[in-house]
Amino acid sequence: MNIAIVLAGGSGSRLGGGKPKQLLEVAGKTILEHTLDVFETSPLIDEIAVVSRADCIPVVEGLVAAGHYQKVAKVLPGGKERYDSSLAALAAYADDADNLLFHDAVRPMVNHRIIADCIRALDTCGAVGVAVPTTDTILEVDDNDCIAHVPPRRMLRNAQTPQGFKRGVIRRAYDIALQDPGFVTTDDCGVVLKYLPEVPVHIVEGEKTNIKVTYAEDLFLVEHLLEARRL
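All of the points below concern the structure found in this document.

### A few points about the overall build of the protein
Here's step 1: Within the protein, the secondary structure is distributed over seven helices and eleven strands.
Here's step 2: Since a compact globule built from 231 residues should have a radius of gyration of about 17 Å, the 18 Å found for the protein is in line with a globular shape.
Here's step 3: Seen through its C-alpha atoms, the protein measures out along the principal axes to roughly 50 × 40 × 30 Å.
Here's step 4: The buried share of the protein, taken over its 231 residues, is 49%.

### Observations regarding the pairing of strand 5 (residues 72-77)
Here's step 1: With five bridges joining them, strand 4 (residues 47-52) and strand 5 adopt parallel strand pairing. In the strand pairing of strand 5, Val51 is matched with Leu76.
Here's step 2: In this fold, the crossover linking strand 4 to strand 5 by way of helix 2 (residues 57-67) has right-handed handedness.

### Digging into the pairing of strand 7 (residues 127-133)
Here's step 1: The buried fraction of strand 7 is high, at six of seven residues.
Here's step 2: Pairing analysis gives six bridges linking strand 7 to strand 10 (residues 157-166), with the strands arranged antiparallel. In the sheet register, Val132 faces strand 10, and the bridge partner there is Asn158.
Here's step 3: In this structure, strand 7 lies alongside strand 11 (residues 201-205), joined through five bridges in parallel fashion. Paired with Val128 across the two strands is His202, which belongs to strand 11.

Criteria and thresholds
- Residues numbered from 1 in each chain as written.
- Predicted model: local features only at pLDDT ≥ 70, side-chain atom pairs only at ≥ 80, totals over all residues.
- Heavy atoms only, no water.
- Helix = DSSP H or I, 4+ residues; strand = E, 2+ residues; numbered from the N terminus.
- Rg over C-alpha atoms; globule rule 2.2 N^0.38 Å.
- Buried < 20%, exposed > 50% of the residue type's maximum accessible area, 1.4 Å probe, protein only.
- Pairing = 2+ DSSP bridges.
- Right-handed = clockwise from strand over helix to strand, strands pointing away.

Pasting the structure below:
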């Protein structure tokens, strides 16, 4: 099966306000609902699991029921760290042949083309990331805030989600990672890259509009993009 894992466990502390950012309303719906709409209507997605903050599960379940999201089969409690949410999803599915697409709930501008490209890539790859070329020059600095290195821009990408995996690949990567006492990560592709280096992580092209809502100004841009998508 092709399963979308919508990661909605964040607190939105950088955005401010009293609600997690995935539950903020823009263009008539919560950000989470806009994201679910895309996966619900994708003909290639068989099932959706939402990983939520435990205290937000009743709200999420209410949104799922009210929105009649037929593909949402599970609402799972996440944990303190992002990888806890990934682990919760892995524990909820047992078939190592399944394709799992991990997606930030606060990237509501994901589209069917990106989803299809990820699933198509998983026909031949065990791990897939989404990214767009970096347009700014990236500087590596030292401890004194002096430039230490300027990587060639043509080799750099800005990472997005979804990140897709054969369930067996990401499970093995986490099995190894959790034995490492120094394990720290915020990125599932990074876990595969470090702990299963023999598995190539293929990159498919994202979209400049597939932004992550992080700061208040992002809300205005996303609202404009969502309104334009409805036209």
